[in-house]
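Coordinate analysis (summary)
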Amino acid sequence: MSRPPLPPFTRDTAIQKVRMAENAWNSRDADVVTPAYTDDSQWRNRAEFLSGHTDIHAFLTRKWNKELDYRLIKELWAYSGNRIAVRYAYEWRDDSGQWFRSYGNENWEFAEDGRMAKRHASLNDLPISEEDRLFRWPQGPRPDSHPGLSELGL
């Protein structure tokens, strides 16, 4: 299964790949997101280590069952060959109604077919008030007119 754009990345194709990942994750659908990774993809997410589609799908399902009203923005940080680094922030609330903004960085490595083979994520959660939320578009992909992280001062 090929997932263009394929490495080696240019600035434009790296930006396209980042936005495609953002849009997929904003679907909050593990069935949509999981195929973007190789069958044996290796992840580190916080202190959790995952390997393969079964682990990734289970992780994403747990994540979106806990992180309600999830909205994500990713931004290209650097790229070279088959690697992309991104920074991101997302907002979500827990089942008690407490809002959070989670800030993170990811390092991605891609297979020749354009699927992600490695994903290393580091992130932190900051409790915020509902009034401090900045990501207020309807559930789903971020509208093209919505500012990105740099424009929001994040």
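Report follows, based on the coordinates.

With respect to the pairing of strand E6 (residues 116-128)
Of the pairings in the sheet, the one linking strand E1 (residues 37-45) to E6 comprises 5 bridges and is parallel in character. Paired with glutamine 42 across the bridge in E6 is lysine 118. Linking strand E5 (residues 99-110) to E6, which pair antiparallel, is a turn of 5 residues; within it glycine 114 sits at a positive phi near 90 degrees.

Points about helix H1 (residues 11-26)
Taking 1.5 Å as the rise per residue, H1 with 16 residues should run 22 Å; its terminal C-alpha atoms sit 23 Å apart, in good agreement. Those residues of H1 lying buried are Ala14, Lys17, Val18, Ala21, Glu22, Ala24, Trp25 and Asn26. Arginine 28, located one to two residues past H1, shows a positive phi value of around 55 degrees.

Digging into the nonpolar core
Counting residues in each nonpolar core, the largest one holds 29 residues, and the members touching the most others are Trp25, Trp43, Leu60, Ile84 and Trp108. Of all the secondary-structure elements, those providing two or more residues to this core are H1, helix H2 (30-33), E1, helix H3 (52-66), strand E3 (68-80), strand E4 (83-93), E5 and E6. Dropping the residues within four chain positions of it, tryptophan 43 is found in contact with Trp25, Tyr37, Glu48, Phe49, Leu50, Ile56, Phe59, Leu60 and Arg119. Counting 5 residues, the second largest nonpolar core, distinct from the first, contains Ile73, Ala89, Phe135 and Trp137.

Focus: the environment of threonine 54
Along the polypeptide, threonine 54 turns up in helix H3. Here the alpha-carbon distance between threonine 54 and glutamate 75, two residues 21 residues apart in the chain, equals 27 Å.

Some details on the side chain of aspartate 94
Along the polypeptide, aspartate 94 turns up in the loop between E4 and E5. Buried within the structure, aspartate 94 lacks any salt-bridge partner; arginine 93 is the closest side chain of opposite charge, at an N-O distance of 6.4 Å. A distance of 2.7 Å separates a polar atom in the side chain of aspartate 94 from a polar atom in the side chain of serine 96. Apart from the residues lying within four places of it in its own chain, the contact partners of aspartate 94 are Lys66, Leu68 and Phe100.

Digging into the packing of aromatic side chains
Summed over all chains, the structure comprises 11 aromatic pairs. On the basis of an interplanar angle of 80 degrees and a centroid distance of 5.6 Å, the ring pair of tryptophan 25 and tryptophan 64 is categorised as edge-to-face. Of the two residues, tryptophan 25 is situated in helix H1 and tryptophan 64 in helix H3; the sequence distance between them amounts to 39 residues. Since its relative accessible area comes to 7%, tryptophan 64 is described here as buried. With 5.7 Å between their ring centres and 75 degrees between their planes, tryptophan 43 and phenylalanine 59 make a pair best called edge-to-face. Taken together, the residues tryptophan 43 in strand E1 and phenylalanine 59 in helix H3 connect sequence positions 16 residues apart. The rings of Trp25, Tyr37, Trp43, Phe59, Trp64, Tyr70, Tyr88 and Tyr90 are connected pair by pair, giving a single aromatic cluster. The positively charged end of lysine 74 is found above the aromatic ring belonging to tyrosine 88, 4.8 Å away from the centroid.

Basis of the calculations
- Residues numbered from 1 in each chain as written.
- Predicted model: local features only at pLDDT ≥ 70, side-chain atom pairs only at ≥ 80, totals over all residues.
- Heavy atoms only, no water.
- Pairing = 2+ DSSP bridges.
- Helix = DSSP H or I, 4+ residues; strand = E, 2+ residues; numbered from the N terminus.
- Expected span 1.5 Å × (residues − 1).
- Buried < 20%, exposed > 50% of the residue type's maximum accessible area, 1.4 Å probe, protein only.
- Core = buried A, V, L, I, M, F, W, Y, C linked by side-chain atoms within 4.5 Å.
- Contact = heavy atoms within 4.5 Å.
- Lys, Arg positive; Asp, Glu negative; His and termini not counted.
- Salt bridge = Lys/Arg side-chain N within 4 Å of Asp/Glu carboxyl O.
- Polar contact = N/O pair within 3.5 Å; in protein donor to acceptor, adjacent residues only side chain to side chain.
- Phe/Tyr/Trp six-rings, centres within 6.5 Å; stacked < 30°, edge-to-face > 60°.
- Lys NZ or Arg CZ within 6 Å of the ring centre and 35° of its normal.

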